[in-house]
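Tertiary structure, described
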Amino acid sequence: MESKKDIYNLWVQYTTKNDESYFREFIERFVAIWKRQLAIDFTKECPLWHEVRPDSGPHLGRLPDELLPAIGKFIIIARDQSENDNLTDEAIRQIAVLIDCLIIICRHFDNILAIIKYEYKSNMIAILTNVFKQTIDKQSASMETIHLFQSFSQFLEVMYDPYLTWRSFLRGVFADYQKLSYKPHTVHVEIVPFIYDCFQNGDITKIPEIGETLVNTLGAVICGSQKTITTINTKTELNTGEGNEICDNLRNGMRAICPATVSVIMNILTKWENSSDLRKISLKCLALMVIVLQKSSPEERQIDLTTIIQLYCDALLKLLTTEHFIREGSSFEISSEMEENDAVVDVNALATTIANIRVFLSDSATAAYICDAINDTNLLDILISVPKNIKDWNINYSATICSTIETLAVITRNSLCVGEQLRASGKVDKMFKSLKILGVPNEILLEACFHLAYDDATKLLVLPEVIIQLIEWMPEIHEREQTFLSGLILKGCTDNYATKTIACENRTIKAICECLQNYKQLSDASIQNFIKLIEELCKLSILPIELKRIFSLLRQESEFPHSKQLLQTLVTISLQSLTSSNLCSQYFSIKNPNDGIIVPDIRNWTMSGAYGFIFHILVKLNEKPNKDKTKKNEVSEDNSRPNCRRMLLNLRTGTGNGFEIFIQNSGNIVVAAVTKREYLTSAVTTKTLLDGQWHYVTVAITPPKRPFSYSQINVYIDFMQKLSATLKVPAINEPFVFCSIGSAAIPTLHHETSSNMITSTLPRSSSQESGSSTYKGMLPSLLERTLSTNVSNYFTLPLRTQTSFDPNVKNFPIGMHETVFGEQTCLRGHIGAVLLAEPTTSLKTVFDTGTNFASIFSQDNDLLELTSRFVFCFAPGAYWQETCFDLIPSGRYSGTIRAQHSRIIKLQDTINSIGGIQAILPILYRFTKELDDFSFSSDDNDSVSTNSGEPLKTPTAEEFSDWEVLSSNSYTEWKMIQSPVASFICFLRYLTHEHDNNQENMLNSEVLPIIGNMLIKCPSRLFDVNALMATHLFIESIQGHKSSNGNNNAALLEALYTDIAFNFGIWSRMNFQITLGHVQYLSAMIKNDRKYFRKKFGIQFFLDVVRQFYGTPDNITPEDAKTIRATLFAVVRFYLQKDSNIKEITAIIAFLSSVRQELVIIEFLEILTFHAKSKSCKDQMILLLHEPATANLLYNYFVDKNYNTEIQEAAIRFISGLLTTSRVHQKYKQILRLHDQSTDISMFPGFFSYLIPMTLSSTILFHMVDEILSAETDFAGLVFLVHHISSCDLPIKLEIAKRLLQITFVKHNSPQAIAKQTGWQESIARLLIRKPITNVKPDEEKRKSFGINLDVLLEDNNEFNNQADLISFCEQQIELDQLQQDHSDGGLILNEIQASVTEAASVIESEIKELAESVSDVVVENVSSVFSVIRQTTHDIQDTFESLALGTSNESETHHSRQRTDSVSSDSTTQSPQTVTKKGDSIETNATFDFSADGDVDNEEQLVYLVSNVLFTIFWNGVSNDHPLCWIERGQVLGCINLLALNNELVTSHLSLRLRILEMAVQASLLDLSEHGSQTLINQENASQILRMVYDLVVLGSNEDESKKCSTKLLDGVLALLDALMIFQQGSSDGWSDMIRLCLGLLLKCSYHPNPGVVAMATAKLHAILQSRTTYDPLELAYLLYSINRALDNAIEVGNPEEYSFLMPVMKALLEKCRDVFNLETNLPDLPPTSSGPVFFNDFQMYSTSKKWRNFIEKITMYATAQLR
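What counts, and where the lines are drawn
- Residues numbered from 1 in each chain as written.
- Predicted model: local features only at pLDDT ≥ 70, side-chain atom pairs only at ≥ 80, totals over all residues.
- Heavy atoms only, no water.
- Helix = DSSP H or I, 4+ residues; strand = E, 2+ residues; numbered from the N terminus.
- Contact = heavy atoms within 4.5 Å.
- Areas by Shrake-Rupley, 256 points an atom, 1.4 Å probe, with all protein chains shown as cover.
- Salt bridge = Lys/Arg side-chain N within 4 Å of Asp/Glu carboxyl O.
- Buried < 20%, exposed > 50% of the residue type's maximum accessible area, 1.4 Å probe, protein only.
- Axes fitted to C-alpha atoms, helices over the stretch in contact; angles between N-to-C directions.
- Parallel < 35°, antiparallel > 145°, perpendicular 65-115°, else oblique.
- Left-handed = near helix turned anticlockwise from the far one by under 90°.
- Nonpolar A, V, L, I, M, F, W, Y, C, P; charged D, E, K, R; others polar.
- Expected span 1.5 Å × (residues − 1).
- Phe/Tyr/Trp six-rings, centres within 6.5 Å; stacked < 30°, edge-to-face > 60°.
- Pairing = 2+ DSSP bridges.
- Arc of directions from axis to C-beta.
- pLDDT = per-residue confidence, 0-100.
- Polar contact = N/O pair within 3.5 Å; in protein donor to acceptor, adjacent residues only side chain to side chain.

Okay, the overall build of the protein chain next. Within the protein chain, the secondary structure is distributed over 79 helices and 26 strands. Long-range contacts, defined here as pairs at least 24 residues apart, represent 76% of the contacts in the protein chain between residues at least 6 apart. About 76800 Å² of surface is accessible on the protein chain, with carbon and sulfur atoms providing 50% of the total.

Attention shifts here to the pattern of salt bridges. Between side chains of opposite charge, pairing is possible as soon as their charged atoms come close. In the structure shown here, the tally under the stated rule is 32 salt bridges. A salt bridge links glutamate 536 to lysine 500; the shortest N-O distance between them is 3.4 Å. You can see glutamate 536 sitting in helix α27 (residues 524-540) and its partner lysine 500 sitting in helix α25 (residues 497-505), a full 36 residues away along the chain. A relative accessible area of 4% places glutamate 536 in the buried class. Where arginine 1125 meets glutamate 1163, a salt bridge forms, and the shortest distance between an N and an O atom there is 2.6 Å. With arginine 1125 in helix α50 (residues 1118-1138) and glutamate 1163 in helix α52 (residues 1158-1173), this pair connects stretches of sequence that are 38 residues apart. Accessibility classification places arginine 1125 together with glutamate 1163 in one group, the buried group. A network of salt bridges, in which partner residues are shared, links Lys500, Glu535, Glu536 and Lys539.

Put simply, helix α68 (residues 1499-1518) and helix α69 (residues 1526-1543) touch, their axes get as near as 9 Å, and they point 160° apart. When the axis of α68 is compared with that of α69, the two are roughly antiparallel. The hand of the α68/α69 crossing is left-handed. Two secondary-structure elements touch here, α68 through Leu1511, Phe1515 and Trp1516 and α69 through Trp1527, Arg1530, Val1533 and Ile1537. For the contact of α68 with α69, a count of residues per class yields six nonpolar, no polar and one charged.

Glancing now at helix α41 (residues 980-992). Along its 13 residues, α41 runs 19 Å from first to last C-alpha, staying within 8% of the 18 Å computed at 1.5 Å per residue. Of all 13 residues that make up α41, 13 are buried, and the element is covered over most of its length. Glutamate 994, located one to two residues past α41, shows a positive phi value of around 55°.

On to the environment of aspartate 1522. Among the secondary structure elements, aspartate 1522 is positioned in the loop between α68 and α69. Relative accessible area serves as the criterion here: at 66%, aspartate 1522 is assigned to the exposed category. On a C-alpha basis, the gap between aspartate 1522 and isoleucine 1578 in space is 8.3 Å, while along the polypeptide they are 56 residues apart.

One can describe the packing of helix α21 (residues 427-437) onto helix α23 (residues 464-473) by two numbers: an axis separation of 10 Å at closest approach and a directional angle of 30°. Between α21 and α23, the angle is such that the two are roughly parallel. Here α21 and α23 pass one another in a crossing that is right-handed. The segment α21 lies against α23, with Val428, Asp429, Phe432, Leu435 and Lys436 engaging Glu465, Val466, Gln469, Leu470, Glu472 and Trp473.

All chains considered together, the criterion is met by 51 aromatic pairs. Between phenylalanine 1151 and phenylalanine 1164, the aromatic rings sit 5.2 Å apart at their centres with planes inclined by 90°, giving edge-to-face as the arrangement. Taken together, the residues phenylalanine 1151 in helix α51 (residues 1142-1154) and phenylalanine 1164 in helix α52 connect sequence positions 13 residues apart. Residues tyrosine 1197 and tyrosine 1203 carry aromatic rings whose centres are separated by 4.7 Å and whose planes lie at 75° to one another, so their mutual orientation is edge-to-face. Classification of tyrosine 1203 as buried rests on a relative accessible area of 10%. Here the aromatic cluster, defined as three or more aromatic residues joined through ring pairs, consists of Tyr1057, Phe1062, Phe1064, Tyr1092, Phe1093, Phe1097, Phe1101, Phe1102, Tyr1110, Phe1134 and Tyr1135.

Turning our eyes to something else, we now look at the pairing of strand β10 (residues 695-702). Most of β10 sits out of view: seven of its eight residues are buried. Looking at chain direction, strand β5 (residues 613-621) and β10 are connected through seven bridges and run antiparallel. Its bridge partner being in β10, histidine 616 is matched across the sheet by threonine 698. Here β10 pairs with strand β11 (residues 711-717) via six bridges, running antiparallel. Counted as the bridge partner of valine 697 is isoleucine 717 from β11.

Take helix α49 (residues 1099-1109) next. All of the buried residues along α49 are Ile1099, Phe1102, Leu1103, Val1105 and Val1106. For α49, the angular spread of buried residues about the axis comes to 150°, placing them on one side.

Right, let's talk about unusual backbone geometry for a bit. Trans is the prevailing form of peptide bonds, just as negative phi is the prevailing case for residues other than glycine. Here phenylalanine 719, not a glycine, exhibits a phi torsion of approximately 70°, which is positive. Inspection of the secondary structure puts phenylalanine 719 in the loop between β11 and β12 (720-727). The phi torsion at glutamine 881 lies on the positive side, around 50°, for a residue other than glycine.

Along strand β18 (residues 829-837), nine of the nine residues are buried, which leaves the element largely enclosed by surrounding structure. Where strand β3 (residues 586-590) and β18 come together, three bridges link them in antiparallel fashion. Bridge assignment links serine 589 to a residue of β18, and that residue is histidine 830. By the bridge criterion, eight bridges tie β5 to β18 in an arrangement that is antiparallel. Counted as the bridge partner of phenylalanine 615 is leucine 836 from β18. Summarising the sheet, β18 and strand β19 (residues 870-874) pair through four bridges and their orientation is antiparallel. By the bridge assignment for β19, leucine 836 is matched with phenylalanine 872.

On to the side chain of asparagine 998. With respect to the helices, strands and loops of the structure, asparagine 998 is situated in helix α42 (residues 996-1004). With sequence-adjacent residues up to four places away left out, asparagine 998 is seen in contact with Gln908, Ile911, Asn912, Ile917, Leu991 and Thr992.

A separate point is the environment of isoleucine 717. By secondary structure assignment, the location of isoleucine 717 is in strand β11. Along the chain, isoleucine 717 and valine 697 lie 20 residues apart, while their C-alpha atoms are 4.8 Å from each other. Among residues more than four places away in sequence, those in contact with isoleucine 717 are Ile669, Val684, Thr686, Leu689, Tyr696 and Lys722.

Looking now at the confidence of the model for the protein chain. For any part of a model where pLDDT is low, the fine detail of the predicted coordinates should not be relied upon. Averaged over every residue, the pLDDT of the protein chain is 74; residues scoring 70 or more account for 78%. Note on residues 228-249: pLDDT is under 50 here. Beyond four places in sequence and across chains, it has 34 contacts. Throughout residues 937-968 the model reports pLDDT below 50, and contacts reaching past four residues in sequence, or to other chains, amount to 52 contacts.

Bringing the environment of glutamine 721 into the picture now. Checked against the element boundaries, glutamine 721 lands in strand β12. Taking C-alpha positions, glutamine 721 is 9.0 Å from threonine 698, a pair spaced 23 residues apart along the chain. For glutamine 721, the residues in contact, after removing those within four places along its chain, are Asn714, Val715 and Tyr716. Within the structure, glutamine 721 has its side chain in polar contact with the side chain of asparagine 714 (distance 3.0 Å).

Now the structure itself:
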């Protein structure tokens, strides 16, 4: 406040005293105060144009009224002083202060007009003119002088450029003149001449500060005159740079832009000596002149735009022709101590001048027209020649070169014609030749060159030739710069689809390959980048020459170190054949606002009735920008991006009705029906179209067919229906007059004046734009939120005139659609083909066209009908000079197109131009030859994973959801490409995928056989699981391919199967997992088409594979080989499950016969066995196996000794399975059962004769028995088999015995059948042989060792009727021979054994003959007695052999005899013998052999039990009673037992075995007698024969072991039999007299048996007989008395009181019987009385020892006893 008060006082003092000093002080303080509030010095601080306020300075109303006149007065005074004399520095300073005061006052825009009226400018110009002359004379300028000129310049600036736009322009900020309200006044006429005079009259270079102020003044005058200048209107599209709406005071700029001012500026620019600041301001001023001059009309211009640019070119040339920098020496240096005449040189003058050209083009509205003017001059040539002109300058010209390149880049961005001129004239090549002369470039220059080719703003390649030059330059630059430049090129060429297309069209790949030939001069990083670039570009398109260059790098001669990665890249490129990214080879690229297709003749399309259509288009939208951003950034970007309608189709009638089809930014497809009042839309919500792939979009609008019905909308994406809705709008009955495809052009309708449609692309008016912007700020967010939540509002509610509304259709008032959906834009994508048809056309006809829409009009179809139904069809292939020709034969509707036409060549097509598929064969050959040098490593894998522009990612759950057996996704494909062989197979698959030509070429050139042969030689470790998967996918690719005629390529498939899939020469060399996986895959493939593969690769094929490759493979383990064989055999079994023929069965048998590997035979037999038993086996196969020379040949496995037991077991299981099946009748099984149908003779004995000695395993034997015991039992073979298993183990014999016993009970008449077989007795009895006896004594002791006493035998008085047959010893001799071979350690030789046995047999034979001659006729045909004699002899021999054996091998024999083994299980189940139904064939409890538990019963005991039961069953039931020699056969059973005991150690004693048999025989006889009665003669005869056999065993047996000869059971049965036969009854016939004697002898023998039970039973029976019989035969009584007395003596001798007590009652009764007969009272008077009771027992014991009693017995009874015997 004090300062303001002081200033006011100073002004009062001045007005009152009129003192100049007060005025000067007032001005000083006034300026000082406002300097703190306003920027007075614009060079230091200056606000931008939008920061300037109109009232920044003080208003004149608040200032003294006399202030301006006073200032004017002192300025006039100063002018007079300057004209009369030179002004001092103080006077100059005071003038400058006055001007500063005026600047402050002018900062309030209301004061400017008042200041203009005072005419300060004339006086000031006069003052400055004088001061300038004064300064020029002094050759220097003081600070006050410079301040004066700066103040004057700034004063003019605030007057003619009040918003300081010039200062903003200097700072690179362009003012929006539409927002500036103040209108500058006309420039004073003296200002421009003053500026010109100053530059003309003096050397301004020495005072650059003054020059800067003058240029600033000129720039401010020009810049301030642009207030209302607008951009060029597009109504008259004239490329003349002429505007049509110019502001009223553009004349300020036109006055300032004149030849004089231009010459002044050019004069400054052409001098190297001018200061850099002056040059920069002058360049900015000149740039402003160019911009303003372009906005003006030609009639107002004082100089033409082209002239200025040409003068600028002259200035550049003058700068280039300087000799300042051409010095001798290596460098140019500026001395620090300048001489007086030396001038300062601006070394950056040329770079700054060239860079200023970019300022010319800073205004986007005028840049294109300025570029046209530049093109009319030689500026481009000058810029291109800059490197050449400065090559000899000894300065750092990097900045100049960079500036030149950047300037050229800006020019080409703003003018397409400039870029075309650079390409056509070869100027790019010329420029780079000059650049290469300058030396190695740095990163800045390389980046500038790159941006010359690539436009960051549009993300497009504008000069791809520059990229080619940079690639060629790569080997000559440093490694760091190589990496930097290669990264830039990679980014620029792969940024989007458009840049890839341009790069491919300019053969960038070829240049890269040529550059990679110099790989030694390239860094690894740059090579990696180039390989990535090759991958990305080749995915889009590749030329034959480029592919050839890539293959040349893969050659071994090239020694390219990254060839493996390059190969992976090539395979990855071919992977694109599996996707739809390169579906179209030609397409239209619609990216500019004016691009699109217009069909002007659509008005000629007429239809009967309402209009509808089918619109079908193949489209691909551009990728989303900034796709590498995070999701958050993407969301924010999507929200900030204005909504728009990316048009697909726009059809309009003359009244504005019609249809629109467009795509929103979100990817939704919207179909809109436009009427006069409504805008009805139906949208398909999807993001499918935004994936960057080709898609088919089909929209069908069907008009109503009946009155009061509505149109139907159906939308299809990729042939799948996505929408079906009803449009309730009136049908369109008027023709369409406007049709656009992918274009933003809109029809402009003038309903009031004209009905014609204006199709020009006029911009929206300012009112529309303002209105639109207002709505955008207020409505869109509200509408979008409302529509997204489906809440009804004003715009979504139905109109009053409408009824129920389709929920898929929304209605908007006309005019609001742009607010909701945005403005129309071009498609911003690619069009592959487009078709419009009438609604009656079949959609199937449209869908079947594929990518080639024109194929619908082929000769196969009805052209006349199709032509009438289709409107137009456009394809990029029918394009010429912006015209799309209609492909419909009538061709009525050609289209006009403005779009880029692109053509790509796929790798699948390119390969045919360099030799076809066979061109890739050297790759596989190199794998097989150079394993170590050409193997893929994990590092390469990692690098490849990042090579592609679209990185391969792990598949998501959605991607896995559609997988089948084998599926190909990005991750699996990536994994396969990492493996060498897999990558090759993938490469082959990609090249042939859905490509008829390549598949035909592969077939005709025999590629597959060559590949198969090379894979055979390929190392197995290269063929991993990825290679296996690749092979399978390749097979599926060929299988799933449908050729153009719709058929599979059968010949190619067959070649593929033969040479690769089923070529086991390949797969047998691979690892187990690989081979197994492939075989399983083949199995699955065969199951899908069994009929085809059975013909080509049937049973014979797979059996040959097993025989050739998997018998004894070397590369896999036996277990793995077994697994593979099992899988192959499973295929064979699968074939057999359906049907079979004799050829296949013969192949199977031939395989089993020819294979020598035992494991293979066993496995295959097991497979066949399992299959034969399964339900899936067909009867035909079983029947064929029963044919001659088929399965019966398997018996050779048993005959041939080279086969082991396991094979034999497998074979017998298979044979058993065939025999047990019920699928074939028994009569067909005879061949396999070895039954000769012609002779009805079993061939089993002959078969078994080849197997002697019987060394078969238990399993084989059991199966053999099962076969023999089948439905038609072969008893001959059974007996033969049983005979030869005596040497087998105990469990085997036990099981055989069980089955033998079972068959005797289960099968009817089996005992009789067995009894008919020769030698059955010995064969069955041999089961009891434990081992043969091998130890005998020397020859001289043999006779004695047998224990044979011929005298005793000859003295025997027993008489027998017949001589029994002897069993020959030949078989025994054979067995002993075999045993000698098997047991060579026994100590005996064959001759000794044979001699001993022969001698024993001869002795026995002679003995029997002598006995037979003396046999009495009294005994009835009792041949069994003969065997009793034989039994006595064999018993002695056996005892001798047993003693010898025990003496030599006691330990081993004891272990063998006591061995306990479990029963061997059999495959066939047996029925328990307890289920016998016939009562006559059972023997009460003896008929069963069901033991409680096998573990509780000794196996030997079981065997004895079973064999004895078998022998008895056949003995009793098998031999018929009516046979005359029946008891001879039965006697042979007991005789065989004795003979076997002679030479063998039996499981049990032969006596015990005979005892068992006789026990059962007695019981059986009793049963017969009880059932049939004793009157039956044959039963009585059987009983008597049995009693004789018992007598032989018990009485006549010479064995001293009485316990083995009789048992209580036997005696009980005998006693019962005696009662049944009533032998001792009173009335028995005389025929029983011999039997009575036999039975009495038997009872007497038992009376002194060691078993008390036997004694008790025998004595009791004797006592009963004596009591019941009335006979008084002295001989009988004498015999009884003698025998009882002998028994009593024995009991008394051994001290057996129990036996004595049993015998005494018999003796007592006998004495009572003999009392009268022998006159005991006379002969034995002292005999104790029998009536004395118990006392008699004791008394007789004493008496029996007396001499008298003994004499009585000897004298009286001895003779009788002898007679009775």
